[in-house]
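Observations on the three-dimensional arrangement
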Amino acid sequence: MGDARLVVAGKAYDSRLLVGTGKYRDFDETRRAIEASGAQIVTVAIRRTNIGQNAGEPNLLDVLPPSRYTILPNTAGCYTAQDAVRTLRLARELLDGHSLVKLEVLGDAKTLYPHMPETLEAARTLVAEGFQVMAYCNDDPIMAKQLEELGCVAVMPLASLIGSGMGIVNPYNLQIIIDHARVPVLVDAGIGTASDAAIAMELGCDGVLMNTAIAKARDPVRMGRAMKLAVEAGREAFLAGRMARKPYEASASSPEAGLIQKTG
Amino acid sequence: MAIHVHLNGAPREFPAPLTFSQLVETLELEGKRLAIERNGEIVPRTRFPEERLSDGDRIEVVIAVGGG
């Protein structure tokens, strides 16, 4: 009944749910929702500090201490390989040499769709500099394979657009990526509710990363818990192996023999 | 003596000489988890006490914030 743990870059994790830290009402809600989700890897953005405005203000990393969580700095908002690389070099300095990162290079401000040529270029540079790169990508199996061949430690294809909550729009492409990958595949972006996370896990992916689905739920703490259960349920269903689909043939669950006879 | 730098995109003037340690202190950011870049290059924290800002430097001071 056991399941191997999720292993990313040589480190094992009990939870297959990774979460973002944006869009919460406040740090307290962030902390409680993430605690409820059971996530062990949490992604954070890197931004300019507001000079002169935040003296004494709490810091996100006080709420989510790196001693307890694996902090995954990301390059959200970067549109070029150069900016992504710069951002992650800063992140590595900020986190005392920590090298596990989430690379995302965007191509368009309206769709936030990944820019794959820039993503590949940034991945090449980052791997050469010793980063362990988890790469956000489109659901193109060839792109996922190229990222893997460049040395990325995980590929993270989108389920649908970032923050859209549209769920898994192309399960067939995700399936091809999962079937061919030799590194963990984490479905990232587009999850809307618990069933989406379960479907992603039932496809056989290694984990799911989400932010908005939890942060923008009416009750983020409760949704954090729902997502934890959904990821676990989906994983268990994948390992159990679903029954065959029989679209044109019913099959009664009760014995067909031994029915009582009609009277009269 | 004063130096003029661009700090997180805005022009700022500081008395010279100024080390990165003194900059962090002046900005009341001591003890915060941050990273600093000067003209596109990381300034390692271990270098803060001796490394000095120069006139015209473009300085970025970043922290971790909520994001997905």
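Structure report, in brief. (Residues numbered from 1 in each chain as written. Chains lettered and ligands numbered in written order. Predicted model: local features only at pLDDT ≥ 70, side-chain atom pairs only at ≥ 80, totals over all residues. Heavy atoms only, no water.)

This part takes up the pairing of strand S2 (residues 10-15) of chain B. All names here are of chain B. Where strand S1 (residues 2-7) meets S2, 6 bridges bridge the pair, whose relative direction is antiparallel. The partner of His4 across the bridge, within S2, is Glu13. The loop that links S1 with its antiparallel partner S2 comprises 2 residues; one of these, Asn8, has a positive phi angle of about 45°. (Pairing = 2+ DSSP bridges. Helix = DSSP H or I, 4+ residues; strand = E, 2+ residues; numbered from the N terminus.)

Attention shifts here to the interface of chain B and chain A. Between chain B and chain A, the residue contacts involve 27 residues of the former and 31 residues of the latter. At the boundary of chain B with chain A, total buried surface from both sides reaches about 2600 Å², with 55% on carbon and sulfur atoms. Counting the surface chain B buries against chain A, the share from its top three residues, Arg33, Ala64 and Gly68 of chain B, is 25%. Here chain B and chain A share 4 salt bridges between them. For Asp96 of chain A, the salt bridge goes to Arg33 of chain B, with nearest N and O atoms at 3.3 Å. (Contact = heavy atoms within 4.5 Å. Buried area = accessible area lost by both parts, 1.4 Å probe. Salt bridge = Lys/Arg side-chain N within 4 Å of Asp/Glu carboxyl O.)

This paragraph deals with unusual backbone geometry. Ala16 of chain B connects to Pro17 of chain B through a cis peptide bond whose omega is -5°. Relative to the helices and strands, Pro17 of chain B resides in the loop between S2 and helix H1 (20-26). One non-glycine residue, Ala9 of chain A, lies in the positive phi region at around 50°. In this fold, Ala9 of chain A is placed in the loop between strand S1 (6-8) and strand S2 (11-13).

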